Amino acid sequence: MTVAEWESLCDGCGKCCLHKLQEEDDEDGTLGPVEHTNVACRLLDVGTCRCSRYETRFRYVPDCVQLTPEDVRGLNWLPGTCAYRLVAEGQPLPWWHPLVSGDPETVHEAGVSVRGRVISETRAGPLQHHIVEWPDL
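Residues numbered from 1 in each chain as written. Predicted model: local features only at pLDDT ≥ 70, side-chain atom pairs only at ≥ 80, totals over all residues. Heavy atoms only, no water.

K.L.:
Teacher, can you tell me more about the pairing of strand β2 (residues 35-40) here?
P.N.:
Along a regular strand, successive side chains alternate from one face of the sheet to the other. Burial within β2 is extensive, with 5 of its 6 residues counted as buried. Here β2 pairs with strand β6 (residues 131-132) via 2 bridges, running antiparallel. For T37, the partnering residue across the bridge sits in β6 and is I131. Across 2 bridges, β2 lies against strand β5 (residues 119-120) in parallel orientation. Among the inter-strand pairings, A40 is bridged to a residue of β5, identified as S120. (Buried < 20%, exposed > 50% of the residue type's maximum accessible area, 1.4 Å probe, protein only. Helix = DSSP H or I, 4+ residues; strand = E, 2+ residues; numbered from the N terminus. Pairing = 2+ DSSP bridges.)

K.L.:
Quick question: what am I supposed to make of the layout of surface pockets here?
P.N.:
Space inside the largest pocket adds up to approximately 930 Å³. Around the largest pocket, the lining is made up of 39 residues, and of these C16, C17, C64, V65 and W77 lie nearest the centre. Per-element accounting of the lining of the largest pocket gives the leading share, 4 residues, to strand β1 (residues 18-21). A per-class count over the lining of the largest pocket returns 24 nonpolar, 5 polar and 10 charged. (1 Å grid on protein atoms, 1.4 Å probe; cavity = no way out; pocket = protein on both sides within 12 Å on 5 of 7 lines; lining within 4 Å. Points joined across faces, edges and corners; volume = space filled by probe spheres on them. Nonpolar A, V, L, I, M, F, W, Y, C, P; charged D, E, K, R; others polar.)

K.L.:
I keep staring at the environment of A4 and nothing clicks. Help me out?
P.N.:
Turning to its location among the elements, A4 is positioned in helix α1 (residues 3-7). Residue A4 is classed as exposed on the basis of its relative accessible area of 57%. Sequence separation between A4 and E133 is 129 residues; the distance between their C-alpha atoms is 33 Å.

Next comes the structure, spelled out in structure tokens:
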């Protein structure tokens, strides 16, 4: 798969751009469960659910995670609906995925995106106040 083909898998849901919390046990260093928040990266356009500075995002958010085919299976915080994960697992893309539907709005129409459910990190305050348990995360 070319880089362009890989990049085209992004469905524009915005879920990977939400902040997550994960605590480390002080005694043995094991990681606890991932807790999801409804707090979006400051670069996420919460209307379109796309990064407003995708090409230069690492300049503004140095710890932004670059999703690669090699890394996707080890990222336990990716939602089950994520096309990167689905392709890595040999699963088909859902009907609402823009590559299937031909329309980038179907991810929002299907209720799969974070549109209307998130707040920017610039307005959120402490992440601990924004933990969510959405069934699709």
